[in-house]
Amino acid sequence: MSQFYLTALQLSICLGPMALGIFITMKIFNIPDITTDGSYTLGAVVTAVLLSNHWPVLAVLPLCMIAGSVAGICTALIHTKLRIDALLAGILVMTGLYSVNLIILGRSNVPLINIHSIFNTLSIFNNDIYNQLFVALLIIIVLIFLLRYLLLTDFGIGMRATGNNPIMTKSMGINNDFIKIIGLAIANALTALSGFLVAQYQSFADINMGIGIVITGLGSVLIADALRIWMNVSNIGLQILFVLAGSLIFQLVLAFSLAMGIDPNFLKLVTALFVLFIVALPRVSSQLKRAS
Amino acid sequence: MISLQKISKFFNKGKTNEVTALNNISLQINEGEFVVVIGANGSGKTTLLNIIAGVEMPSLGKIEINGNDVTPLPEYKRSRWVARVFQNPNNGTAPDLTILDNFRLAALRTQRKNMTIGINAAFKKKVQEKISELGMGLENKINQPMGNLSGGQRQALTLLMSVMDDTNILLLDEPTAALDPKSALVVLKLADKLNKDLGMTTILITHNIKDAHQYGNRLIQLNEGKILRDINAEMKSRLSLPDIFEWFG
């Protein structure tokens, strides 16, 4: 396997939690939350500052997830209590977070070299790349089980119903606002977890690393949705796996573009066009069907 | 018991398009009663039901349910006492969730939804038994999404879901308006059964005079936000269909 594709695999796992976060907001709650760009960077920034101050990585992990959840709670409170459109609430928090992130980081870029990161906690294989992959896989597998469990619990049924039919959930004794706040907190904690992983994987945190990252998550969820409809799947566990598969497909497309020799400056354009392609595909194909 | 005390509801208060939906209504509904509410469009029927459910807050007055002052409580907190079936069959259930998931939520209507898995073999069996009472053959489809079912089936299940927990008030807002005659009959018969067998206090809004005549043991006619007629069980049993038609003459 070429280095390109191995990197794509590793990156897709690191970005997996964020994709699952978008899955929760977009598919479970039906809320377009774009706090993501900010909470992803927030996760990375908190990680960089604490790790460079020699905090143990296992203490940094929960702290950056808490930071992400606070960002999510801010968006949720603006959306539910002030009745402001979720999209605008997300943009506001994301914009504010840029400054917050810059203040926390102290400058626009902090390298993480010679630091004990989550990826060198285990050395099972001789090859460092495999060790990194193993750690990332371990984290994502735990996450799959936790998220699947959550969504199958009584609370999880409430979460899914709230996004599906808020009129019904109110009559079932569910406080829709409260459950949305919890949901956005979880989603953005997951997003921050991706920031935590990617910062350590690429060995730096950068103030601009989150720009447009929401599109990557959105693309993954859209690919997952296409797979779900195509295979007619309603199983929660499979849907979670599809989101991760979506993340992998997305990164492979980008890796393939780079391998083809596309200028890295065009990568965002490739990303946007690819997402457009996924969104447009079902519509175009249904129109073609009707025409024929 | 539901007690409405001097309830008024104004919309657009102080503006030129002010509407008085309910005008100083006082009403006692006793446990186990099956009240049918009729009235022309705009007479305040739905507002009355919404005020009891907590969808709308009254402008003036006080509401008590089983002796508790619920006037300031939002809708989701009143679900401790009140279950609802909506005019639109799509409103009462979550279409992308399975029948089983929908019933699980309904079984927890008055309780906390904990982070534990509550659906087990015993619960599945209980739901299947409940659903088989309908005789629609849906008991073998509990893992299918609710959205796959017809409006009539969904409405019947919504009604059944109202007795999964120990709520004892059932609000039915024109539950058969969107259904074909056969499904409508199933739904109303089921409501009647739940009222008679389980003693559910039931309030039914309908535009169908035949249904108003056939079902319930109390009949209320609203007009311009006021109670025009309040007919008890004995008097209602003596009413003929043409009598009720004449009220709308």
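Just so we're clear, the structure is a prediction, and the values are computed from it rather than from any experiment.

Enquirer: What's the story with the nonpolar core in this structure? I'm lost.
Expert: Ranked by size, the top nonpolar core spans 128 residues in total, and within it Met159(A), Phe103(B), Ile131(B), Leu157(B), Leu159(B) and Leu219(B) carry the most contacts. When residues in this core are grouped by element, the largest group, ten residues, is from helix H6 (residues 128-152) of chain A. Listed in part, the 25 residues of the second largest apolar core include Ile7(B), Leu22(B), Val35(B) and Ile51(B).

Enquirer: Can you walk me through the sheet that holds strand E1 (residues 2-11) of chain B in this structure?
Expert: Hydrogen bonds between backbone atoms are what pair the strands of a sheet, whose relative direction is either parallel or antiparallel. All names here are of chain B. Spatial strand order, E2-E1-E4-E5: four strands in an open sheet with antiparallel pairing. At either end of the open sheet lies a strand with only one pairing partner, and these are strand E2 (19-29) and strand E5 (68-69). Pairing analysis gives five bridges linking E1 to strand E4 (residues 60-65), with the strands arranged antiparallel. Bridge pairing links Ser3 to Glu64 in E4. Most of the contacts of helix H1 (residues 45-53) go to E1, to which it runs at about 120°, and overall it touches E1, E2 and E4.

Enquirer: Can you help me understand the interface of chain B and chain A in this one?
Expert: Frequently, the measure chosen for interface size is the accessible area removed from exposure when the parts meet. Contacts between the two partners involve 28 residues from chain B and, on the opposite side, 20 residues from chain A. Carbon and sulfur atoms make up 62% of the surface buried where chain B meets chain A, a total of about 2300 Å² over both sides. Its largest share of buried area at the contact with chain A, chain B owes to Tyr76(B), Leu105(B) and Met115(B), together 28% of the area lost on that side. For the pair chain B and chain A, the interface holds three salt bridges. Residue Glu75(B) is joined to Lys170(A) by a salt bridge in which the shortest nitrogen-to-oxygen separation is 3.8 Å. At the boundary of chain B with chain A, the tally comes to 15 residue pairs in polar contact (both at pLDDT 80 or more). When contributions to the side of chain B that touches chain A are tallied by element, the ones reaching two or more residues are helix H2 (75-78) and helix H3 (99-107) of chain B. No other element matches the five residues that H3(B) contributes to the side of chain B that touches chain A. Here the side of chain B that touches chain A is composed, by residue class, of 13 nonpolar, nine polar and six charged.

Enquirer: Mind showing me how you'd approach the packing of helix H4 (residues 57-81) of chain A against helix H9 (residues 176-202) of chain A here?
Expert: What describes two packed helices is the angle between their axes and the distance between those same axes. Residue and element names in this part refer to chain A. Closest axis-to-axis distance for the H4/H9 pair is 6 Å, and the angle between their directions is 140°. Considering the angle they form, H4 stands oblique to H9. The interaxial crossing formed by H4 with H9 has right-handed handedness. By residue class, the composition of the contact of H4 with H9 is 16 nonpolar, eight polar and three charged.

Enquirer: For this particular structure, what's the right way to read the layout of surface pockets?
Expert: The method is simple in principle: a probe with the dimensions of a water molecule rolls over the atoms, and the space it marks as empty is what remains. Volume-wise, the largest pocket comes out at about 970 Å³. Taken together, 34 residues form the lining of the largest pocket, with Arg160(A), Ser234(A), Ile236(A), Gln239(A) and Asp96(B) sitting closest to its centre. At the level of elements, helix H2 (16-28), H6, helix H7 (154-164), helix H10 (213-231) and helix H11 (236-259) of chain A together with H3 of chain B are the ones that each hand at least two residues to the lining of the largest pocket. By residue number, the principal contributor to the lining of the largest pocket is H10(A), which donates five residues. For the lining of the largest pocket, a count of residues per class yields 15 nonpolar, eleven polar and eight charged. Looking at the second largest pocket, its volume works out to about 620 Å³. With five residues, H11(A) is the single largest residue contributor to the lining of the second largest pocket.

Calculation criteria
Residues numbered from 1 in each chain as written. Chains lettered and ligands numbered in written order. Predicted model: local features only at pLDDT ≥ 70, side-chain atom pairs only at ≥ 80, totals over all residues. Heavy atoms only, no water. Core = buried A, V, L, I, M, F, W, Y, C linked by side-chain atoms within 4.5 Å. Buried < 20%, exposed > 50% of the residue type's maximum accessible area, 1.4 Å probe, protein only. Helix = DSSP H or I, 4+ residues; strand = E, 2+ residues; numbered from the N terminus. Pairing = 2+ DSSP bridges. Contact = heavy atoms within 4.5 Å. Axes fitted to C-alpha atoms, helices over the stretch in contact; angles between N-to-C directions. Buried area = accessible area lost by both parts, 1.4 Å probe. Salt bridge = Lys/Arg side-chain N within 4 Å of Asp/Glu carboxyl O. Polar contact = N/O pair within 3.5 Å; in protein donor to acceptor, adjacent residues only side chain to side chain. Nonpolar A, V, L, I, M, F, W, Y, C, P; charged D, E, K, R; others polar. Parallel < 35°, antiparallel > 145°, perpendicular 65-115°, else oblique. Left-handed = near helix turned anticlockwise from the far one by under 90°. 1 Å grid on protein atoms, 1.4 Å probe; cavity = no way out; pocket = protein on both sides within 12 Å on 5 of 7 lines; lining within 4 Å. Points joined across faces, edges and corners; volume = space filled by probe spheres on them.

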